[in-house]
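Below, each chain spelled out in residue letters.
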Amino acid sequence: MAVSKKAGKKAAAPAKAGATKVAKADWKEGFRKKQVGVSDMTLLTTISNESINDNLQKRWLNAEIYTYIGGVLISVNPFRDLGIYTDDVLQKYKGKNRLEVPPHVFGIAESAYYNMNAYHENQCVIISGESGAGKTEAAKRIMQYIAAVSGGQDNSIQEIKDMVLATNPLLESFGCAKTLRNNNSSRHGKYLEIMFNAQGEPVGAQITNYLLEKGRVVGQVENERNFHIFYQFTKAASDEQREQFGLQGPELYAYTSISNCLEVQNINDTEDFVATLNAMRIIGLTVNEKSEIFRMLAIILWLGNVQFEEMDDGNARIADTDVTDFIAYLMDTDSAMLQKVLTTRVVETQRGGRRGSIYDVPLNPAQATAGRDALSKAIYNNLFEWIVSRINVSMKPRSAASHVIGILDIFGFEIFEDNSFEQLCINYVNEKLQQIFIELTLKTEQEEYVREQIQWSPIKYFNNKVVCDLIEERKPPGIFAALNDACATAHADPAAADNSFVQRTAILSSNPHFEARGAQFLVRHYAGDVTYNIAGMTDKNKDALIKDIFDLIGSSGNQFIQSIFPDRPDPSSKKRPPTAGDRIKASAGALVDNLMKAQPSYIRTIKPNQNRSPTEYDSKAILHQIKYLGLQENIRVRRAGFAYRNTFEKMVERFYLLSPSTSYAGEYTWTGDAKSGCVQILKDTGIPKDEWQMGVTKAFIKNPETTMRDRYWHNMASRIQRAWRNYWRYKNECAKRIQRFWKNNKEGLEYAKIRDYGHQILAGRKERRRFSLLGYRRFMGDYLDVNGKNALGTELRSACGIGAEEVSFSCKAQLLVSKLARSSKPSPRFLVVTGKAVHIVIGTEKDGRAHFALERKIPLITIKSISLSNLRDDWMVFNCNASEEGDPVLHCYFKTELVVQLLRLSQASINVCIGPTVEYAKKKDKKQVISFVKDETIPRDDVYKSHAVRVPSGEPPNSVSRPPPKRKPGTVRPITQGKLLRAGGPSNNTKGTSRIKPAAQPLPRKPGIDAIVAPPVAKAPSAPAPAPPAQEEPDVERYRAKFAFEGQEGEMSFKKDDIVELVEKDDNGWWLVRKDGQEGWAPNNYLELVPRRPKSTPIAPPPPARRPPPSAPAAANATSTFRNTPSPQPAVANASAKPVAVFPGVFPSNSSATPWKKPAALDTANANTAGSRLGSASAAKPPPVATKPKPTPPQVAAKPTPKQPGKPPIPSAPRPPVGNGSAPKAAVSRPTAPAGQMDLAAVLAKRAQRMADD
Ligand SMILES: Nc1ncnc2c1ncn2[C@@H]1O[C@H](COP(=O)(O)OP(=O)(O)OP(=O)(O)O)[C@@H](O)[C@H]1O
Ligand SMILES: [Mg+2]
């Protein structure tokens, strides 16, 4: 079957029966999917409520519920589990800048946590939105995030984290209920502050509770529920608890069943009860405490079941005293007293301000029911507050707290059909929060621009302060003040008080946001118009328990119930106890103050529909929320204004690292004032000029992200990484280059030197083959790879029986073989030369296989001389000690190299005879002469016949090797890329390139703090700098160029007689010199010292008269062309000349040769092309230059060759004949080379001799 490339085909393959294969879910999908709409609405092209709505809709339908407006997070409730709160997703946000990751509530949590740690400022997250929009969910996610990212392996820290998370199920059970708007509606406000130590670990927490909707305990509208805990307890209590508290199901209690809603979709009360108990355990509630809490719940439930009957006189009577008996049992009080408290009220008459008689006034059933409910509400409210303070006790900070992150989750703005005092309070708190938002994002912002003289275009917005004033103002009295007044004037009769309030609403009507409507009034809230019913409002505001109830509680034997009612009113006090309105006003005020002290983050939640539908996007309802939340204004202000501002001092303190002018190696170094430092930083961070402004005391930046301090650390980290990578790249590159040079050297320099030695040996006395003179010809030695592992080499090695001996030379050759009665003929052979002998191997074929046999082994010491013709032929004779076999006559293309190798191996104890004829011993005493004749008709090589070799003309004997082929000119690849390493790599030379380290400065402080800093002392005028010392003539050695030198890169080029200054001498023959202010390497043997002039500048002595060139001996004619004589004569091989021996060193001599010196170690790493400059025995050239010095050790040429017994010392003068004394005639004495014309070998030899002498 052909493989299909179509993705998805595989997935579509039918699953095996019984096993349904589900594709593995990939969490990254959420991150990879294409973003829909804009994730930050400040980027919207058109700013209007409609475009915001469109954007939110697109995103919400694409399951992207979060969108930013700058730093404000807009969250649209998805009403479904999107799988976006997993630990994997959470980790994605850890340590990330808000802009690096898609909008998320974790992003807000991260930035709050980061800012707290980085800037040491308290943070708060303000979550607002209407009921059911997702505030509580968002708050929980923030806690989840902080618990996950704030480190701390410590038990106590983990304990705090667990407790913080446990507060959610506990307080939701007691403080949340199903409403028509939300199945888990928060019926109280909660501000959770998590305290952190200096390391950012949570060490404690504290909850501030705002206004529990206690009315819910005694009654709910149809289809709503009481607080969750009542259903959990009645449904899931243990048998023991049922027994202990006489507990029944929720349907049997009036308080839980009256609204006909026992079950809620997606809420499992039984499971939740387990979670509640678990949370109680984590918080550390004792068994007794838990038991008492459940006792209170039972008391409340049973109180709800107390029924009143109307007696004939209209007074109330308890219908079933069993219930009250049981309640009295639960309360550990007297049942009769309880009954009395529930059915009568103690009234104290007052006469002329004095206390008068006390009466028991019987209550009618309605009054009795209200009294019962008041007791229930009071117990529940106080129980809730006790739980909150008990949680706070458990979460008390374990150690000193440095900073706090507060999370505010209040009850959302709500509008019901019947809105009462509770809704007024809830909506009032929401108004206050909207105020904070406006204050901080819109109003204060604009005011600050004016104050700081910043240029900007003002944005219009609705300021809801007018509504806040309407509710909370004292003068003119607002709604709360009017309620208080109504309560005060008609304190005994709630209905009269309500009426009194109705009249007062007329005065409030002057406020455009208020409308009096008889028994109702309307308030135009920022989030919509709400009509409130006045009936019962003053009583709820009064919120006072009658004295009888306190007496009842006081009589209880139950300590717990007493402890939850700590504040009993003082009957003698004339001071009016605070009303509920007073309390909510005070706590809302305190909350605002608290929030204003911290750096706020905002989450504005939006409810997409009223049906908890995950698919319905109610555009109209959302547009309404968009409008009242002021998102449009928010975007406009954000776009037009400056999202970030801070005092110059703070700015400098936070961001000085971003500018090299204000920091060095992490230290603050700016010496100017904070404002100028601030300007410098803003300039250096590259923020466009129109993106920031300097105010009077503060700097303003449009987008704070552009100056995030993290950039510094990020940059630093990448710089370090880059530097490290560059370093490695540089190191590797250097290593590679060194290796390349080394190889070059090995194959180039050394072999070229050997080749040049060959030139010296021949000394211009033999015509040359053209191929021998090619530039790339190298004397490689072992051509048959006997040293290696190839098959032929191995066979030859074994045929020669040389074991592991090193082979210096091997090649194919022809041996002149004399056949009986026939003329001699060349026959193929293999030559293998070791340090001891020359092996002649014959190869034969037998049974289709090659066989090799050693034909003759000629020990080197038996070879007295080697004879060659002066023509270009390839014949040579080894003149050996007399033997039966005679002297071998060989034809070998690599004859010069073979001679070289033999001379090297024999320490030049073999003479090289070159002449027009070659004499050899055919047999022991039978001498034979081979003559060499020029014959231009010979097409190739040469032809041997009957003791005569005919050969065409070759290249002139004084020919030198051609220069090596030029390397391809290519651009030199820079070793490093990137800015950190300078071209050519790092160097120690920091002169003028590195920054001067500025001195660290104290960070600027606010003026108050500056006061304690010593005022800057006026700088004493600096003393005039001393006059510079008179310039002396530099104390350097100066050299004159003896020859022109064309240097390569890094080398110094000069013309003859140029003067250079010595900078550094290196032992290996290269000196660092300076000319015209430039430095470069030059071969030292090109230079001669310019005698230093004495101080008095004496007249330089006349230069020594140049020594005339020595008269060349007749036999060494060819030599004269070899040396650098002023006018070299073209050399012509003299066919009639007698053979001469040549010193293979410098000068031709038929007596002895300069022994081969191993070129100064193979460590002359820089040989590259320098190898090719090494003389090539080119007589007409300046002396060869040594290899460049660094980084390799200098050439070891100076080391004298160890003296071998029987060997003469290294010659400094013509070497006396060696061996058997049969030195060829006309031995030439070695002339003294004129200074500067000696070749390297001679120079080295001289130096070695000097050292030896020393
Ligand atoms: N991010 C979310 N992902 C999934 N479901 C959510 C999310 N936010 C909210 N919900 C759903 O919406 C319901 C209402 O949310 P939540 O209780 O947080 O609203 P609220 O704003 O606190 O309302 P209230 O003011 O009544 O307390 C939650 O119970 C949950 O089912
Ligand atoms: Mg809530």
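Residues numbered from 1 in each chain as written. Chains lettered and ligands numbered in written order. Predicted model: local features only at pLDDT ≥ 70, side-chain atom pairs only at ≥ 80, totals over all residues. Heavy atoms only, no water.

### Let's talk about the overall build of the protein chain
We count it as follows: Runs of E in the DSSP output that reach at least two residues are strands. Runs of H or I that reach at least four are helices, and both are numbered from the N terminus. For the exposure calls, accessible area comes from a 1.4 Å probe over protein chains only, and a residue counts as buried if that area is under 20% of its type's maximum, exposed if over 50%, partly exposed in between. Whether two residues are in contact is decided by their heavy atoms, any of which lying within 4.5 Å being enough.
Assigned secondary structure in the protein chain consists of 34 helices and 39 strands. Residues classed as buried in the protein chain amount to 49% of the 1254 residues present. Considering only residue pairs separated by 6 or more positions, the protein chain has 67% of its internal contacts joining residues 24 or more positions apart.

### Notes on the site of ligand 1
Test applied: For this description, a residue counts as near a given molecule or strand if any of its non-hydrogen atoms is within 4 Å of it. Distance and chemistry together define a polar contact, namely a pair of N or O atoms within 3.5 Å, with one atom able to donate a hydrogen and the other to accept it when in protein, and with adjacent residues in sequence counting only for side-chain atoms on both sides. Each accessible area is a Shrake-Rupley estimate made with a 1.4 Å probe; only the visible protein chains count as cover when residues are assessed. As a working rule, the residues Ala, Val, Leu, Ile, Met, Phe, Trp, Tyr, Cys and Pro are called nonpolar, Asp, Glu, Lys and Arg charged, and the rest polar, with Gly in that last group.
Every one of the 20 residues lining ligand 1 counts as a neighbour, but Ser-131, Gly-132, Lys-135, Thr-136 and Ser-185 are closest to it. Separating an oxygen atom of ligand 1 from a backbone N or O atom of Gly-132 is a distance of 2.7 Å. Here an oxygen atom of ligand 1 and a backbone polar atom of Ser-186 are 2.8 Å apart. Considering ligand 1 on its own, with 620 Å² of exposed area, one finds that the protein chains cover 86% of that surface. Of all the secondary structure elements, the ones that give two or more residues to the shell around ligand 1 are helix H6 (135-149) and strand S5 (185-186). Ranked by the residues each element gives to the shell around ligand 1, the list is headed by H6, at three residues. Of the residues assigned to the shell around ligand 1, the class counts are six nonpolar, ten polar and four charged.

### Examining the coordination of the magnesium ion (ligand 2)
The cut-off we apply is this: Donor selection uses N, O and S atoms within 2.8 Å of the metal (3.2 Å for Na, K and Ca). Since no water is included, sites may look incomplete.
The magnesium ion (ligand 2) binds to the protein through Thr-136 (OG1) and Ser-186 (OG); the donor distances cover 1.9 to 2.1 Å. Placement of Thr-136 in helix H6 and of Ser-186 in strand S5 is noted, with a sequence separation of 50 residues between them. Residue Thr-136 shares its accessibility class with Ser-186, and that shared class is buried.

### Digging into the packing of helix H14 (residues 335-343) against helix H21 (residues 547-555)
We apply this condition: Helix axes use the C-alpha atoms of the stretch in contact, all axes being lines fitted to C-alpha atoms, and the angles between their N-to-C directions lie in the range 0 to 180 degrees. An angle counts as roughly parallel when it lies under 35 degrees, as roughly antiparallel when it exceeds 145, as roughly perpendicular when it falls between 65 and 115, and as oblique in every other case. Note: crossing handedness is left-handed where the near helix turns anticlockwise from the far helix by less than a right angle, and right-handed where it turns clockwise.
Across the interface, H14 lies against H21 with an axial gap of 10 Å and an inter-helix angle of 165°. It follows that H14 is roughly antiparallel to H21 by the angle criterion. Judged by the sense of rotation from one axis to the other, the crossing of H14 with H21 is left-handed. Within the contact between the two elements, H14 uses Met-337, Leu-338 and Val-341 and H21 uses Asp-548, Ile-549, Asp-551, Leu-552 and Ser-555.

### Brief notes about the nonpolar core
Here is the rule we go by: Put simply, a nonpolar core is a bunch of buried Ala, Val, Leu, Ile, Met, Phe, Trp, Tyr and Cys residues held in one set by side-chain atoms that sit within 4.5 Å of each other.
Counting residues in each nonpolar core, the largest one holds 167 residues, and the members touching the most others are Phe-174, Phe-230, Ile-379, Tyr-380 and Ile-479. The leading source of residues in this core is helix H15 (residues 365-394), at eleven residues. Residues within four places of Ile-479 in sequence aside, it is in contact with Leu-424, Leu-470, Ile-471, Phe-501, Leu-508, Phe-514, Phe-521 and Val-523.

### Section: the side chain of Asp-874
Positionally, Asp-874 belongs in the loop between strand S26 (863-869) and strand S27 (875-880). At 2.6 Å, the side chain of Asp-874 forms a polar contact with the side chain of Lys-895. Each residue touching Asp-874, except ones within four places of it in the same chain, is listed here: Arg-769, Leu-890, His-891, Cys-892, Tyr-893, Lys-895, Asp-941 and Asp-942.

### Some words on unusual backbone geometry
Between Lys-475 and Pro-476 the backbone carries a cis peptide bond, its omega angle lying at -10°. With phi around 60°, Ala-63 is a residue other than glycine that occupies positive phi space. With respect to the helices and strands, the residue Ala-63 is situated in the loop between helix H3 (49-61) and strand S1 (66-69). The partly exposed category is assigned to Ala-63, whose relative accessible area is 25%.

### Quick notes on the environment of Asn-419
Within the secondary structure, Asn-419 sits in the loop between strand S12 (403-409) and helix H16 (421-451). Separated by 113 residues in sequence, Asn-419 and Tyr-532 have C-alpha atoms that sit 4.8 Å apart. Here Phe-416 takes part through its backbone nitrogen, which lies 2.4 Å from a polar atom of the side chain of Asn-419.

### As for the sheet that holds strand S17 (residues 644-647)
Cut-off, in case you're wondering: Note on pairing: DSSP must find at least two bridges between two strands before they are called paired.
Strands sit in the order S17-S21-S20 across an open sheet of three strands; the sheet is antiparallel. Each edge of the sheet is formed by a strand with only one pairing partner; in this case those strands are S17 and strand S20 (692-694). Across this sheet, the average inter-strand angle for adjacent strands is 15°, counted without regard to direction. The sheet contact formed by S20 and strand S21 (residues 698-701) spans three bridges and is antiparallel. Within the sheet, the bridge partner assigned to Met-694 lies in S21 and is Ala-699. Each of S17, S20 and S21 touches helix H26 (residues 648-655); the most contacted strand, S17, lies at about 105° to it. In this fold helix H27 (residues 674-684) packs onto S20 and S21, with an angle of close to 170° to the strand it touches most, S20.

### Focus on helix H12 (residues 287-304)
Stated formally: One less than the number of residues in a helix, times 1.5 Å, gives the span that helix is expected to have.
Here H12 spans 26 Å end to end across 18 residues, near enough to the 26 Å set by a 1.5 Å rise per residue. In terms of burial, H12 is largely enclosed, as 16 of its 18 residues are buried.

### What to know about the confidence of the model for the protein chain
What counts, and what does not: Per-residue confidence from the prediction method is given by pLDDT, with values spanning 0 to 100.
Residues with a pLDDT of 70 or more make up 75% of the protein chain, whose mean pLDDT is 77. A low-confidence stretch, residues 1095-1153 stays under pLDDT 50, and its non-local contacts, those more than four residues away or across chains, total 133 contacts. Predicted confidence is poor over residues 1158-1249, with pLDDT under 50, and the contacts of this stretch with residues over four places away or in other chains come to 191 contacts.

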